[in-house]
Amino acid sequence: MRPEINQSIVFTYCDDLEIASTFFRDTMELEFVIDQGACHIFRLTELSYLGVCCLPDRPRSQVGVMITIVSNDVDGWHKFLTSKGVEYIKEPSHSEKFSVYSSLFVSPHGYRIEIQNFDDANWHKRTIS
């Protein structure tokens, strides 16, 4: 039997921890929960977290990595973040191909961040055999 998973943390990497952390803490208003010195961890939901680290031996490329935050209020996030000066590279719109409504911007530490809502509200309850 597979052991249980209790939470999840996605770690990203940066050259300037203060700039990246200020964005998540002050601009996105995520709750700052752990300061590990070189890594800061922010709460996304009760069981999911986003970390940002400034380490000398870290990966150096953000290519191929996208942080997706699922929210029922994509437009609300867009209004909230644009009012704080966040520039979007994709305004909120619907994708027939992926059956989602989403928007996209780039964080100050170079990661693509997507705010997304699935057309199927029960997407997370399915299992594909």
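Above this text is the structure in question.
Along every chain, residues carry numbers that run from 1 in the direction the sequence is written. Local features in this predicted model are restricted to residues whose pLDDT is 70 or higher, and side-chain atom pairs enter the listing and the counts only when it is 80 or higher, whereas totals over whole chains, interfaces and linings include all residues. Note: side-chain values were computed over all heavy atoms of the structure, leaving out hydrogens and water.

**Observations regarding the pattern of salt bridges**
One side-chain nitrogen of Lys or Arg within 4 Å of one carboxyl oxygen of Asp or Glu is enough to make a salt bridge. In total, this model carries six salt bridges according to the counting rule given. Taking the shortest distance from any N to any O, the salt bridge between Asp 120 and Arg 126 comes out at 3.4 Å. Think of it in three bands: residues with accessible area under 20% of the maximum for their type are buried, residues over 50% are exposed, and the middle band is partly exposed, with areas taken using a 1.4 Å probe on protein chains only. Residue Asp 120 is classed as partly exposed on the basis of its relative accessible area, which comes to 31%. Classification of Arg 126 as exposed rests on a relative accessible area of 57%. Connected via shared salt-bridge partners are Glu 18, Arg 25 and Asp 26.

**Focus on the state of the cysteines**
Cysteine sulfur atoms that pair up within 2.5 Å are treated as a disulfide. One pass over the structure, following the stated rule, counts one disulfide. Here Cys 39 is linked by a disulfide to Cys 53, with a sulfur-sulfur distance of 2.1 Å. The sign of the 115° torsion about the S-S bond sets the Cys 39-Cys 53 disulfide as right-handed. With Cys 39 in strand E3 (residues 39-43) and Cys 53 in strand E4 (residues 48-53), this residue pair connects regions lying 14 residues apart in the sequence. A single burial state applies to Cys 39 and to Cys 53, both of which are buried. Its sulfur unpaired, Cys 14 is 4.8 Å from the next cysteine sulfur, which belongs to Cys 54. Strands here are runs of E lasting at least two residues and helices are runs of H or I lasting at least four, both read from the DSSP assignment and numbered beginning at the N terminus.

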